[in-house]
Every structure is written in C-alpha cells, then in structure tokens.
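Descriptive analysis of the structure
Next come the chains, spelled out residue by residue.
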Amino acid sequence: MGRDVIQSAKQSVVAMSDKEIRRGVPVEIREADNGEIRVAGYAAVFGEETNIGGMFTEVIMRGAFEKAIGRDDVVFLVNHEGLPLARTRSGTLTLTEDDHGLHMEAMLDQTDPDVRSIVPKMKRGDLDKMSFAFRPVRQQWDDKAQIPKRMIQEAELFDVSIVTTPAYAGTEIALRSLEQHRADQVQSQAARRMRMKAKAAGIEARNEYMVAPVEQPEIVSGTVNEINMQNAVDNWHLGPVVASSDPAANPEYWAMMADVWSINEAEARRQLCANCSYFNNTPEMMKSMEDIPQTPFDADGGGRGWCEKLDFICHNLRVCQAWERKDFVEE
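Just so we're clear, the structure is a prediction, and the values are computed from it rather than from any experiment.

Moving on, we get to the overall build of the protein chain. The secondary structure content of the protein chain amounts to 7 helices and 16 strands. Looking at the protein chain residue by residue over its 331 residues, the buried ones come to 43%. Of the contacts made within the protein chain by residues no fewer than 6 positions apart, 64% connect residues no fewer than 24 positions apart.

Next up, the structure:
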C-alpha cells in the first residue's frame, strides 16, 4: 500500500515499506493503582549525532515531530510488528516534544493477553529499549565532512516500539536520499559554472536562453570561503601549511598523506590540487574569484583555484584527502 507525500516541494509516491527505524533510550514501566500498566520513555533524542553503521551520521533536529504529533495516528508495538498495544487515536498513547526529545507514554490494559505476555519481560529488563519508525519529510545533508551528516528536520511517524535489540533499519532508504542530494549538487555546480562563464564573457547570467536561474550564488562569499577552507583543514587534511615545490619539503605532512592513501611518499607528493579533478583554475573561474580575499592556504606562491568538491579557494601546490585524479585532454 502506498501513500502520497509532499517532500521538499516535490510530489512523490512512497511505499509504506519506505519507513526507517531508529533506536531511542531505555523505558520505565510502572503499575498504576487502577491496574493499568504505564510505559514511558524517550523514543527519540534531539541533537545527538548518531553513527549509522559507519555510512553516515544522523541528527534528529528539535521540532522534527511537532506536526506529526497532531497529525499522525501512531501505534505502540513490540519490535515494530503485531497488533497495537496502544495508539494515539484512542488516547492510550501520548506523544509530546520537549527540549530533550520525543517523549511517549502508553497506558496498557493488563487484561490484554498480549500485554500480560510482555510485562514480565519488561520488568526483568528483557524488553527495555525504545525505537521509532519514521519517514523524513524535510531533511538536509552535509556531505563536506569525511562521513556524510544527515539532519532530520521534519518526520512522519508510524510507530513507537519497545524492542529486544534496537537496530537501524531502512538505512538503504537514507542512502538513496544521499545519492539524490549528491546528484542535485552536481547539477547545481554545473549551472554555477555556466553562470561564471557568462559573467566572464560579460553576458547577463539571468538570460533565460543562457541558463535557467537557480538559488545558489555564483561563488561563496569571503567569509564562507574561510569556513569551508577550515573544514578542509580540520576534516580533509588540507596542507601542507607552507606550500613548496621543493621535493624534499614538508616530509611529515607527505608521510601522513601517504599513510592516509596507502601509497608511498613519492606518489603522495605527485597528488596535488594542480592535477585534481575538483580543482578549477580556468580563466573564467579566476575572474570570478578576483574579489575574494586571500587566506593563508591560497596565498604563498603557486596559483589559486576553486575546489568544486568542498567549495573554497585552494592552491595548486597543496592537496587534501578529497583529491581525485584529473584526466587531461589534449586540445
């Protein structure tokens, strides 16, 4: 069974199987005076960066479930399957958001055979972890760090569950989202390069016959350039600090990069921004970079160029871990 959703202003049909599962934190269980069983805990925690199988990290942003709480009919399950033990529509499951995360409280009927079968296991601690099933409605990817980071800004909720072994199911769905993000980035970079060429040629970039207008700026500002450059230093080993064409200079840096790439030092020294596929130092690009102030990592000798991978101005005698071989074509 499928359902239509609006995601990022584009309409798509998504199957119910396209839900993802994330783990929460331990729950508490209490028996009320009227005999009902109260189960409470946080199904999701805001702001915590979680490593999803080494493939990407993920953060649930505050407010991600604000709309879902009043909109979605959410059920309380065991291991995300079977008949519901409580649900929001009947008032037996209550979901709230606070500064910490998504809090759930379920009142279970002790006369229910399904409830009676799990309560002893919950009291012993055999069933004591929370998990939730969701589908992102709005999300953002940061693909500039070594491990991509996913930020869930708004989500649709399917269920909250008490589970035996919390797991990360549906990661292939998230990875499809990452691939789409990367495809969109490639498309936007191509459009940006066309606008830069138009600017260099004195052509109005908004000419609809030249290229359709897009939201991205032609090139980042000086401030953003410095931020992205520092990201390359911190996360991608941008260096060396003092660039040099001397084949014996900076031995410690090149030994480190050789280790990072699992090659020898001589090979590492040949992998420079000057022959990286992401390094753009065309005349059109150089003209577009004229007004951006130099930083310590694009100043000393050599020549500047735009890194199309990490969006900052680099230097042809330096390199970072993002390096990929450029295929030169004889003109």
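Moving on to the packing of aromatic side chains. If you walk through the whole model with that rule in mind, you get 6 aromatic pairs. Centre to centre, the rings of Phe46 and Phe65 are 6.3 Å apart; their planes meet at 20°, and the pair counts as stacked. Placement of the pair is Phe46 in the loop between β5 (37-45) and β6 (50-52) and Phe65 in the loop between β7 (56-60) and α1 (66-71), with a sequence separation of 19 residues. There is no split in this pair, since Phe46 and Phe65 are both buried. A centroid spacing of 5.4 Å and a plane angle of 40° characterise the contact between Phe132 and Phe134, whose relative ring orientation is tilted. Each of the two residues, Phe132 as well as Phe134, counts as buried.

Looking now at empty space enclosed by the protein. Under the definition given, this model contains 1 cavity of 30 Å³ or more. Quantified by volume, the largest cavity comes out at close to 80 Å³. Along its surface, the largest cavity is lined by Leu238, Cys273, Cys276, Tyr278, Phe279, Cys307, Phe312, Cys314, Val319, Cys320, Ala322 and Trp323. Its residues placed into classes, the lining of the largest cavity shows 12 nonpolar, no polar and no charged.

Next up on the list: the side chain of Glu58. Examined against the element boundaries, Glu58 turns out to sit in strand β7. Only 2.8 Å separates the side chain of Glu58 from the side chain of Arg150, close enough to count as a polar contact. Setting aside its immediate chain neighbours within four residues, Glu58 contacts Arg22, Glu48, Glu49, Thr50, Ile52, Arg150 and Ile152.

With that settled, the discussion passes to the nonpolar core. Judged by nonpolar contacts, the single largest core of 32 residues is most densely connected at Phe65, Phe76, Leu93, Leu108, Phe132, Leu157 and Val160. If you list the elements that add at least two residues to this core, you get β5, β9 (81-87), β10 (93-97), β11 (101-108), α2 (113-124), β12 (129-142) and β13 (149-163). The element contributing the most residues to this core is β13, with 5 residues. Apart from the residues lying within four places of it in its own chain, the contact partners of Phe76 are Val39, Pro84, Leu85, Ala86, Leu93, Met104, Ala106, Leu108, Val160, Ser161 and Ile162. Counting residues in each nonpolar core, the second largest holds 24 residues, with Tyr253, Met257, Cys307 and Phe312 among its members.

A word on unusual backbone geometry. With an omega of -5°, the peptide bond running from Gly239 to Pro240 counts as cis. Relative to the helices and strands, Pro240 is located in the loop between α4 (222-236) and α5 (251-261). We note that His80 has phi near 60°; this positive angle belongs to a residue other than glycine. As for its position among the elements, His80 is in the loop between β8 (75-78) and β9. Classification of His80 as buried rests on a relative accessible area of 16%. Despite not being glycine, His237 shows a phi value in the positive range, around 60°. On the secondary structure map, His237 appears in the loop between α4 and α5. Residue His237 is classed as partly exposed on the basis of its relative accessible area of 26%.

Conventions and cut-offs
- Every residue gets a number counted from 1 within its own chain, in the order that chain's sequence is written.
- Two thresholds apply to this predicted model, a pLDDT of at least 70 for residue-level local features and 80 or more for giving and counting side-chain atom pairs, whereas whole-chain, interface and lining totals are computed over all residues.
- Only hydrogens and water are set aside when side-chain values are computed; all heavy atoms of the structure are taken into account.
- Labels follow the DSSP assignment, with helices taken as runs of H or I lasting at least four residues and strands as runs of E lasting at least two, numbered in each case from the N terminus.
- Working definition: with a 1.4 Å probe on protein chains only, accessible area under 20% of the residue-type maximum means buried, over 50% means exposed, and in between means partly exposed.
- Here a residue-residue contact requires only that any non-hydrogen atoms of the pair lie within 4.5 Å.
- Only the six-membered ring of Trp is used, alongside the rings of Phe and Tyr, when aromatic pairs are assigned; centres must lie within 6.5 Å, and planes under 30 degrees apart are stacked while those over 60 apart are edge-to-face, with the rest tilted.
- The method works on a 1 Å grid over the protein atoms by themselves. A cavity is a set of points holding a 1.4 Å probe that cannot get out, a pocket is an open set with protein on both sides within 12 Å along at least five of seven lines, and residues with an atom within 4 Å of a point line them.
- Grid points are joined across faces, edges and corners, and a volume is the space filled by probe spheres set on the points.
- Each residue is assigned to one class: nonpolar for Ala, Val, Leu, Ile, Met, Phe, Trp, Tyr, Cys and Pro, charged for Asp, Glu, Lys and Arg, and polar for all the others, Gly among them.
- Each polar contact in these results corresponds to two N or O atoms within 3.5 Å; when the atoms are within protein, one needs to be able to donate a hydrogen and the other to accept it, and residues that are neighboring in sequence are counted only if both atoms are side-chain atoms.
- To define a nonpolar core, start from buried Ala, Val, Leu, Ile, Met, Phe, Trp, Tyr and Cys residues and group those joined through side-chain atoms within 4.5 Å.

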